[in-house]
Amino acid sequence: MGTIDAAALGARADGQLRVLVLVAHRRDRELFVEQLADGYEVLTATPDEEWPTFDLCLVGSDWYPEVATKLSGRRAAAEPVQLPVLLLLRGQPTNTPWLSDALGETIDDVVELPTGKLELDARVASLARDRNMSLALAEQRDQLRLFQRAIDEAAVGISISDYRQPDNPLVYINDRFEEITGYDAATALGRNCRFLQGADTDPEQVAELRRAIEAGEPARVQLLNYRQDGTPFWNRLTVAPIRDDEGTVTHFVGFQEDVTEERERERRYEAILDNADQFAGLLEPDGTVVEANAAALDAIDATRGDVVGHPFPETEWFDDDSRPVVEDAIERAAAGELVRGELDLTLSSGDLALAFTLKPVTDADGGVELLVAEGRDITPLKQRERELQEEQAVTEAILDAVPDVFYMFDTEGTYVRWNDRFNEVTGCTDELIRQLGPFSFIPEPDRPRVAEALGKVSDGDGTATVKTETVTLDGERIPYEFANARIEVDGETVGYAGIGRDVSERVARERELEQFEAILHAAPDPVYALDTEGRFTLVNDAMVEELGYDREAFVGSHVSMVMPEEGVARGRSLIERLLRSDETFETLETTLRTTDGVVRQFEINITLLTGEDGAFLGTVGVCRDVTELRQNERRLSVFDRVLRHNLRNKMNIMLARARNIEAGSDDPVSEAAAIRRAGEELLALSDRTRKFHPSISPEGEPTTIDVAAVARQVVAVHREEHPDAAIAVSAPDTALVRGHETLELALDELVGNAITHHDGDRPAVELQVRADEDRVTIEVADDGPGIGELERSALQRGHETPLEHATGLGLWFVRWTVTNVGGEIEIEDRDPRGSIVRLSLPRARPDRKTDDG
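Owing to the predicted nature of the structure, the values given are computational and were not obtained by experimental measurement. (Residues numbered from 1 in each chain as written. Predicted model: local features only at pLDDT ≥ 70, side-chain atom pairs only at ≥ 80, totals over all residues. Heavy atoms only, no water.)

A. Representation of the overall build of the chain in the model. Each helix and strand counted, the chain has 28 helices and 32 strands in total. Taken over 853 residues, the chain has a buried fraction of 39%. Residue pairs in contact within the chain that sit at least 24 positions apart in sequence constitute 51% of those at least 6 positions apart. Accessible surface, the chain as shown: approximately 47400 Å² in total, 49% of it carbon and sulfur. (Helix = DSSP H or I, 4+ residues; strand = E, 2+ residues; numbered from the N terminus. Buried < 20%, exposed > 50% of the residue type's maximum accessible area, 1.4 Å probe, protein only. Contact = heavy atoms within 4.5 Å. Areas by Shrake-Rupley, 256 points an atom, 1.4 Å probe, with all protein chains shown as cover.)

B. Representation of the pattern of salt bridges within the structure. Taken as a whole and judged by the stated rule, the model has 37 salt bridges. Two residues, Arg-75 and Asp-108, come together in a salt bridge whose shortest N-O distance is 2.7 Å. Of this pair, Arg-75 sits in helix H3 (residues 64-78) while Asp-108 sits in the loop between helix H4 (97-102) and strand S5 (109-112), and the two are 33 residues apart along the sequence. Between Arg-421 and Glu-424 there is a salt bridge, with its nearest N and O atoms 3.2 Å apart. Here Arg-421 pairs with Glu-424, and both are found in helix H15 (residues 420-426), just 3 residues apart, close to one helical turn. Beyond isolated ion pairs, a larger network of salt bridges with shared partners links Arg-770, Glu-779, Glu-826, Glu-828 and Arg-838. (Salt bridge = Lys/Arg side-chain N within 4 Å of Asp/Glu carboxyl O.)

C. Spotlight on the packing of aromatic side chains. Using the criterion set out here, one finds 17 aromatic pairs in the structure. Here the aromatic rings of Phe-409 and Tyr-415 are separated by 6.0 Å at their centres, their planes lie at 80 degrees, and the arrangement is edge-to-face. For Phe-409, a relative accessible area of 5% corresponds to the buried category. For Tyr-415, a relative accessible area of 6% corresponds to the buried category. On the numbers, 6.3 Å between centres and 55 degrees between planes, the contact of Tyr-415 with Phe-441 is tilted. Linking Tyr-415 in strand S17 (residues 415-418) with Phe-441 in the loop between helix H16 (430-435) and helix H17 (447-459), this pair joins segments that are 26 residues apart in sequence. (Phe/Tyr/Trp six-rings, centres within 6.5 Å; stacked < 30°, edge-to-face > 60°.)

D. A look at the packing of helix H25 (residues 707-721) against helix H26 (residues 742-756). One way to put it is that H25 packs onto H26 with a least axis distance of 10 Å and a crossing angle of 40 degrees. Comparing the axis directions of H25 and H26 gives the class oblique. Where H25 crosses over H26, the two elements pack in a sense that is right-handed. In this structure, H25 uses Val-707, Val-710, Ala-711, Gln-713, Val-714 and His-718 to contact H26, whose residues at the interface are Leu-743, Glu-744, Leu-747, Asp-748, Val-751, Gly-752 and Ile-755. (Axes fitted to C-alpha atoms, helices over the stretch in contact; angles between N-to-C directions. Parallel < 35°, antiparallel > 145°, perpendicular 65-115°, else oblique. Left-handed = near helix turned anticlockwise from the far one by under 90°.)

The following block contains the structure:
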């Protein structure tokens with residue numbers, strides 16, 4: 001996709017938007033033109049005319065049916081840029097059938113006429129903002145795609161590693177990297193690039209590369225690497241650090257070149273000696289001459305037979321001064337070293353400045369087979385040596401710089417070279433740039449910091465990168481990042497070269513990211529992001545606080561760390577459904593486990609995370625704790641069913657007895673007494689429900705209660721009410737627990753149930769209280785008929801099933817009273833008959849008074 005042509009889409013060069021008014025009524029049209037003229041270029045047309053280009057359209061409802069197809073075509077042609085349309089509705093209701101179909105397709109907003117000036121201005125301004133934002137986003141997307149395509153299609157392999165992660169793994173490779181190595185992104189990403197090394201990779205080159213990376217420095221090495229299929233190849237690898245705004249290395253960029261053919265050609269042609277432009281020869285590792293070319297023999301006026309088979313240092317080339325240098329070079333080359341040097345020789349033909357090279361030729365096992373001796377007459381070049389060194393330094397600086405804004409200035413601060421981009425950005429002519437110094441384009445407050453960075457380069461650092469702004473000739477300030485390198489000749493600094501890169505988009509993205517992260521972490525609900533494998537990549541503060549894990553423990557861990565496998569599987573199914581549908585989110589209800597093992601019920605809205613190309617990158621989840629909500633729903637379900645059951649039974653009794661009286665019952669007094677008992681039982685149920693209301697949904701914080709004293713009080717009351725019952729109590733002097741006021745009602749309920757539901761004449765009930773370090777246990781044991789299995793399983797499970805119901809509210813009230821404060825309830829049979837109801841509550845510590853309290 002090419003760049004966005006604003007003029008073709010309707011926007012004027014000065015940025016003013018064009019508004020097309022399609023209104024049939026002449027007076028309305030004139031009013032709209034007059035009202036909008038201050039902020040926009042207003043155009044008018046009729047349905048049959050050729051419309052001019054425009055950015056926003058106001059269309060009257062009387063003309064809309066005629067122009068709808070034409071508007072739809074214009075909007076489609078403008079995509080992906082938005083072309084907003086505002087419908088001016090007059091004399092028709094907003095629920096007109098065609099209007100609901102048009103909204104969102106051809107029409108973006110509707111204004112009912114007549115309307116006020118402020119309302120119309122606000123609607124038009126809102127659509128204008130949408131238009132401008134759409135244009136800006138389209139242009140930004142095109143630039144980013146162009147940059148990405150340039151990297152992806154580069155002629156060299158490019159890779160980026162994340163130095164902040166353990167083992168510096170690869171996070172990006174381009175297509176050429178895959179072609180060179182045979183590894184695709186799925187195989188290579190996430191691994192350190194040492195996977196390319198093999199048995200014959202030079203460890204010294206690897207060590208040099210490792211040293212540079214650990215020092216945060218650039219490096220260039222040649223390594224024997226291995227493709228995925230095991231084929232070896234020579235890799236010329238250049239790496240350079242990438243630093244953040246504070247100068248900290250965050251990534252490394254690597255450039256890979258397959259130089260296998262180059263190496264093979266070098267090996268094949270190293271032994272070709274007859275080169276008319278230079279001297280060449282072949283030596284045994286001990287220095288014996290094997291071959292010499294014609295140029296070398298002519299230089300010493302010798303024949304091949306004069307030198308072949310003789311020690312090279314003893315030829316007529318060398319005297320007592322140069323001979324030890326040659327002998328040392330041969331010894332080093334025989335050990336596998338590439339030796340370079342220079343010699344000043346006196347021959348019969350005159351003085352000669354010779355640059356020589358001794359290259360070892362190795363066999364398949366790495367042993368040195370031959371030495372290639374090469375010599376070149378450099379006498380004419382000596383006079384130009386400084387110029388060549390300076391040109392070499394400049395060339396290296398240019399090659400090491402990214403082709404953007406390029407410049408070079410000398411040690412006096414005078415620009416000596418720059419590219420056209422420098423002129424374009426600053427708006428300065430060549431003459432003006434020559435008159436200005438490097439700091440002329442830097443904001444004055446930033447100059448000390450930039451000077452400090454440049455000073456480090458001058459003092460010995462290889463390169464320095466600094467982020468500041470470029471001030472153009474007309475005063476515009478553009479965020480820029482500058483990389484500078486020192487230029488040396490003979491160890492002397494002669495100037496500096498650098499590149500500048502416009503980082504406006506990156507700065508804007510960083511600001512947006514900071515705002516997004518601030519909003520995310522301030523969100524009250526837990527929020528997380530997962531990659532495509534289900535591993536956490538991000539969690540907000542609420543997620544950390546809710547589940548208790550450190551952020552570091554989350555990131556990189558699989559979601560199964562906190563979610564059960566059943567929840568993970570259902571979540572995976574929801575993600576697959578989202579990928580197949582147009583829905584924006586799916587809701588998953590599951591449990592999450594906190595760091596201390598507590599399981600909570602959560603409702604999670606899952607949304608897909610996609611890249612610019614629509615590729616699936618992972619998911620985002622927004623969580624809501626529904627533990628108490630689900631618990632209250634179950635409690636209210638039980639409460640509703642039991643209460644309705646009891647009400648229905650008692651009302652049936654009362655109605656049946658009333659019908660008996662109406663039919664002339666023989667014993668109306670007995671019938672009335674039954675009605676009274678049923679009514680009194682209903683009133684008692686109502687009163688008990690009111691007292692136990694806090695157990696269903698506790699409103700206050702738990703308080704400290706002496707359950708030993710409560711137990712003795714409950715037993716005393718029931719002994720007085722039931723003199724025929726044998727009621728025993730065993731409790732320490734005090735047993736403090738954390739509970740609600742309904743705890744006394746719960747114990748009263750348990751003792752009362754044991755007595756009233758007994759099937760004998762003298763019930764026996766035992767109430768026992770025991771306290772240990774952390775918990776207080778209360779047991780109510782009886783010798784009655786026991787509690788049924790269905791009722792017991794429902795109570796211990798905490799909720800009913802369609803086939804299992806508990807018949808009364810009393811034991812449910814007891815359970816809720818206990819579980820509301822973190823307690824537990826158990827029910828078991830007693831031998832030989834009866835039941836034991838065991839309550840376990842968290843123990844409360846007595847308050848400690850201060851010395852002055």
